[in-house]
Amino acid sequence: MYSARVNPKNVPSLTLPTDDYEQMKGMSNTRLVAVLRSAVLSPERQGRFSPPPPEAHDAYTVHHRSGCIDVVLHAEGEAVFCCKFVPTERY
């Protein structure tokens, strides 16, 4: 069972402003995970981010919140990383 909420004090997170946020709001969870995998988790991109996402994970959850889409990586049932997609204008 995966926690419905991520405690930011315990889980490293990365906030990514994106111009495609409005389009992403209409994407399926599967498609959002695919975006995360290509934009953040691919080997050629992983080293560009701080904190770096963990290589070891076995599941994802997606949470749509007001002004933010969280994609949470899990390892053995525990949240280990959160990538927050936000609209560019927030930054």
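Everything here concerns the structure above.
Predicted, not measured: the structure shown is a model, and the values here were computed from it.

Student: How would you summarise helix α2 (residues 29-41) if you had to cite specific residues and measurements?
Tutor: Every α-helix carries 3.6 residues per turn, so stepping three or four residues along brings you back to the same face. Along α2, the residues classified as buried are Leu32, Val33, Val35, Leu36, Val40 and Leu41. Looking down the long axis of α2, one finds its buried residues gathered within 160° of arc, a one-sided arrangement. Here the buried face of α2 lies against β1 (13-18), α1 (21-25), α3 (43-46), β2 (59-65), β3 (68-75) and β4 (78-87).

Student: Help me get a handle on the pairing of β3, residues and values and all.
Tutor: In terms of residue burial, β3 counts as a mostly covered element, since 7 of its 8 residues are buried. In terms of strand pairing, β2 meets β3 through 7 bridges, oriented antiparallel. Along β3, the bridge assignment pairs Tyr60 with Leu73. Following β2, the chain reverses through 2 residues before pairing antiparallel with β3; Gly67 in that reversal takes a positive phi of roughly 80°. Bridging between β3 and β4 involves 7 bridges; their strand directions are antiparallel. Bridging across to β4, His74 finds its partner in Ala79. Turn length for the β3-β4 hairpin, with the two strands adjacent in sequence and antiparallel, is 2 residues, and the turn residue Glu76 shows positive phi of about 50°.

Student: Break down the nonpolar core for me, citing the residues and quoting the values.
Tutor: Generally speaking, a soluble globular protein has its nonpolar side chains buried in company with each other. With 19 residues, the main nonpolar core has Leu16, Met24, Leu36, Val40, Ile69, Cys83 and Phe85 as its most contacted residues. Looking at this core, the elements that each hand over two or more residues are β1, α1, α2, β3 and β4. With sequence-adjacent residues up to four places away left out, Ile69 is seen in contact with Tyr21, Met24, Lys25, Leu32, Val62, His63, His64, Cys83, Lys84 and Phe85.

Student: Please give an account of the pairing of β1 that cites residues and values.
Tutor: Side chains on a regular strand alternate between the two faces of the sheet. The alternating pattern of β1 places Leu14, Leu16 and Thr18 on a buried face and Ser13, Thr15 and Pro17 on a face that is not buried. In terms of strand pairing, β1 meets β4 through 6 bridges, oriented parallel. Note that in β4 the partner of Thr18 across the bridge is Pro87.

Student: Can you break down the pattern of salt bridges residue by residue, with the values?
Tutor: Considering all chains together, one arrives at 3 salt bridges under this definition. Between Lys25 and Glu22 there is a salt bridge; the shortest N-O distance is 3.3 Å. Of this pair, Lys25 and Glu22 both sit in helix α1, 3 residues apart, roughly one helical turn. Lys25 sits in the partly exposed class, given a relative accessible area of 43%. Judged by its relative accessible area of 56%, Glu22 is exposed. Asp70 is the partner of Lys84 in a salt bridge, and the nearest nitrogen-oxygen pair spans 3.6 Å. Highlighted residues: Lys84 in strand β4 and Asp70 in strand β3, separated in sequence by 14 residues. Each member of the pair, Lys84 together with Asp70, is buried. Three or more residues are tied together by salt bridges with common partners; here these are Arg65, Asp70 and Lys84.

What counts and how
Residues numbered from 1 in each chain as written. Predicted model: local features only at pLDDT ≥ 70, side-chain atom pairs only at ≥ 80, totals over all residues. Heavy atoms only, no water. Buried < 20%, exposed > 50% of the residue type's maximum accessible area, 1.4 Å probe, protein only. Helix = DSSP H or I, 4+ residues; strand = E, 2+ residues; numbered from the N terminus. Arc of directions from axis to C-beta. Contact = heavy atoms within 4.5 Å. Pairing = 2+ DSSP bridges. Core = buried A, V, L, I, M, F, W, Y, C linked by side-chain atoms within 4.5 Å. Salt bridge = Lys/Arg side-chain N within 4 Å of Asp/Glu carboxyl O.

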